[in-house]
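# Chains, contacts and geometry: an overview
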Amino acid sequence: MAIKYCDSVNGSDTYDGTAPAFVSGTTGPKQTLGAMVTLMGSAAAGDEFLLKYGGIWRDATELTVSGRIGTAGNRITLGAYGTRTDGLPSIRAVLLWDSGWTDGGHPDVNVWKHACTGGASFVYVWVDGIAYNQITWNTDAATTFGDPATANSFSVNAAANELYIVRTTTDPDVDPAAIEVSKPSASLTYPVRWLNCGYWNFNDLEWRGGQGGLLYIENTTAATLFDEIVVDRCRMDRFSGIGIRIEGADVTSRQTLTVRDSVFQDVHPLSTSDTIHCLNAGGATAGHVLMIERNRFLRVGHGIRTGATGNWCSGTIRRNFFYDCEDDCIYADVHALPGGSSLNIYSNIMLHCGDDGIEFVGATNVHCWNNTIIDSSDIGLHLDGTDASCSSKNNLVANSRRGFNEIGSNNDAEYTAGVVVDYNLYYNDAGYRFDIGGVIYTTFATYQGDVAGLDPAGLATNPLFVTLTPKEAGDVRLQANSPARAAGVAVGLTEDFFGTPIPQGAAPSIGAVEYTATRNFAAACT
């Protein structure tokens, strides 16, 4: 078992990578990610490849690690060393543009432009580590750039393949500035791909920028099986496309993925790709086993998307926080799970969903319990083509724009009697809508009375959160007199979103947060 080191500042690719700092001769850390990937090409079980905290690597361009497999007791690790407070090692799929800027031609503000070789779509910009905001400008200097006072912003003239930035300082070719631009899709599919690799850990890393899968794991052979790919305490920031991309093509491959305690944020606003994307094209005998827990998804496209027609997905998605997703927070296209297995989605908080909160498609053995879903632009809970093996209990759904609980998708054949839907609480101050097999119910009483077996113990009332406009996990705590308090049913859960034991009263509370008089809660989203 060997340890290799990489230091982007004080390392050298002429060193052998065997020491965290220079010792003598060729003994010292590598400098580039490319050099580390070369070392990974001979990785064995138990080996560790460590990037120094605070380092930045911009040389990741479609590098590949192929066929390196650890064991259950000795996984291969890509991680970090040094002092964590220096910042996570940052793998950046970006271009460094510290030259080539010309006057943008605007008379009133410091506007500068740069040619975008390879296309100008889905661009992110950082200047000295500060993320610039994209705004829409009219790039004709004879008219206007929109709001000329908007410093620290950028715009793209796609027709001319030009990038414009507005700054409060002078020419970026003259004053010291590190200007990073995410690589356009024409020049980058992924930073690094792990091809037919198994038993890998990815710990304490940051990925930034990029268009394809930032962490791209692909299996083309059944022999690998992808047992225990673990992503722990990582961060993916400002990217277009897919964050973690795990795919298989063999008919018997089984891909096991754990993602925990990580942050995914700020996917390009025009991108509705998947933050965590699990797809296996192998058919009914192929699929994924997931454990996705305690992560934060902030301003992304799809949060989690798993499965496809013909393959399966099992495991657990729990205690995740979603804020301002542009599409579904969780989308599960799950079919014919292996005997005895299930996909359990519980104790998640979802605020401001661009489409559905949770959607099942063609699902069997999928269970959705104790989730809190607020302010979906479409449907809070969408059960499309589910069968009697699925259940939805103790969920709290508030202020969905189009509907709360859709079973089937305007097609009577997709509604299967026997789906267990009960003990859920629904609330909308603008009126109710339940779509069951294409039949629309606009009151909870008619839905409850006309559809046998759906929510006989459910509620339709104000849940009485501690705030009327929740923006953080702590905002969906319940007031002492909340009707959701102790109004649920036991489903086997032992802790809520915050780790509070369940139940605190005679029965569990409805939603992701168990009522308790005092608690600590997550910080605000910024």
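Residues numbered from 1 in each chain as written. Predicted model: local features only at pLDDT ≥ 70, side-chain atom pairs only at ≥ 80, totals over all residues. Heavy atoms only, no water.

### A short note on the environment of Thr 443
The test is simple: Helix and strand labels come from DSSP, where a helix needs a run of H or I of at least four residues and a strand needs a run of E of at least two; each type is numbered from the N terminus.
When you line up the elements, Thr 443 lands in the loop between β43 (439-441) and α2 (444-450). Separated by 17 residues in sequence, Thr 443 and Ala 460 have C-alpha atoms that sit 9.1 Å apart.

### With respect to the pairing of strand β18 (residues 215-219)
Convention followed: Categorising residues by exposure relies on relative accessible area from a 1.4 Å probe, with only protein chains included: less than 20% of the type maximum marks a residue as buried, more than 50% marks it as exposed, and the intermediate range marks it as partly exposed. Pairing between two strands is assigned when DSSP locates at least 2 bridges connecting them.
Most of β18 sits inside the fold, with 5 of its 5 residues counted as buried. Residues of β18 alternate between two faces, with Leu 215, Ile 217 and Asn 219 on one and Tyr 216 and Glu 218 on the opposite face, all of them buried. As paired elements, strand β15 (residues 192-195) and β18 share 4 bridges and run parallel to each other. Paired with Arg 193 across the two strands is Tyr 216, which belongs to β18.

### Observations regarding the pattern of salt bridges
Filter applied, for reference: For this document, the term salt bridge refers to a Lys or Arg side-chain nitrogen within 4 Å of an Asp or Glu carboxyl oxygen.
In this structure the tally under the stated criterion is 19 salt bridges. One salt bridge in this structure joins Asp 204 and Arg 84, with 2.8 Å as the shortest N-O distance. Of this pair, Asp 204 sits in the loop between β16 (200-203) and β17 (206-209) while Arg 84 sits in the loop between β5 (76-81) and β6 (90-96), placing them 120 residues apart in sequence. Using a relative accessible area of 7% as the deciding quantity, one classes Asp 204 as buried. Judged by relative accessible area, Arg 84 falls into the partly exposed class, the value being 44%. Between Asp 232 and Arg 233 there is a salt bridge whose closest N-O contact spans 2.9 Å.

### Here's the deal with the sheet that holds strand β11 (residues 133-134)
Read from one edge of the open sheet, 5 strands run β7-β8-β13-β12-β11, paired in mixed fashion. Of all the strands in the sheet, the pair left with one neighbour each is β7 (102-103) and β11. Two strands pair when backbone bridges link them, and strand β8 (residues 110-115) and strand β13 (residues 162-167) are joined in this way by 6 bridges, in the antiparallel orientation. From the neighbouring strand, Lys 113 faces β13, where its bridge partner is Tyr 164.

### Looking at helix α1 (residues 33-40)
The element α1 is largely enclosed, with a buried count of 6 among its 8 residues. For α1, every residue scored as buried is listed here: Leu 33, Gly 34, Ala 35, Met 36, Val 37 and Met 40.

### Description of the state of the cysteines
What we call a disulfide is simply a covalent bond connecting the sulfur atoms of a pair of cysteines. Where we set the bar: Cysteine sulfur pairs qualify as disulfides if the two atoms are within 2.5 Å.
Applying the stated rule across the entire model yields 0 disulfides. For Cys 325, which is in no disulfide, the shortest distance to another cysteine sulfur is to Cys 329 and amounts to 3.9 Å. On the basis of relative accessibility, which here comes to 2%, the residue Cys 325 falls in the buried class.

### Re the side chain of Lys 30
Put simply, the rule reads: Only four residue types enter the charge count, namely Lys and Arg as positive and Asp and Glu as negative; His and the chain termini do not. Any N or O atom pair separated by 3.5 Å or less is treated as a polar contact, with the protein-specific requirement of one donor-capable and one acceptor-capable atom, and with residues adjacent in sequence counted only for side-chain atom pairs. Residue contacts are counted whenever heavy atoms from the two residues lie within 4.5 Å of one another.
By the element assignment, Lys 30 lies in the loop between β1 (3-6) and α1. Buried and without a salt bridge, Lys 30 has Asp 13 as its closest oppositely charged side chain, separated by 5.6 Å. At a separation of 2.6 Å, a polar atom in the side chain of Lys 30 contacts the main-chain carbonyl oxygen of Tyr 15. Sequence-distant contacts of Lys 30, defined by excluding residues within four places in its chain, comprise Tyr 5, Cys 6, Asp 7, Gly 11, Ser 12, Asp 13, Tyr 15, Asp 16, Gly 17, Ala 35, Met 36 and Leu 39.

### Topic: the confidence of the model for the chain
This is how the line gets drawn: pLDDT gives the predictor's per-residue confidence on a scale running from 0 to 100.
Per-residue confidence for the chain averages 83 on the pLDDT scale, and 82% of its residues sit at or above 70. Within the model, pLDDT remains below 50 along residues 408-414, and this stretch shows 17 contacts once partners closer than five positions in the same chain are excluded. Considering only residues more than four positions removed or in separate chains, one finds that residues 520-526, a stretch of pLDDT under 50, has 20 contacts.

### Quick notes on unusual backbone geometry
Here Ile 502 and Pro 503 are connected by a cis peptide whose omega angle stands at -5 degrees. Mapped onto the secondary structure, Pro 503 falls in the segment after β44 (459-460). Although it is not a glycine, Asp 204 sits at a positive phi angle of roughly 55 degrees. Phi is positive for Asp 324, which is not a glycine, with a value near 60 degrees. The exposure class of Asp 324 is partly exposed, given its relative accessible area of 36%.

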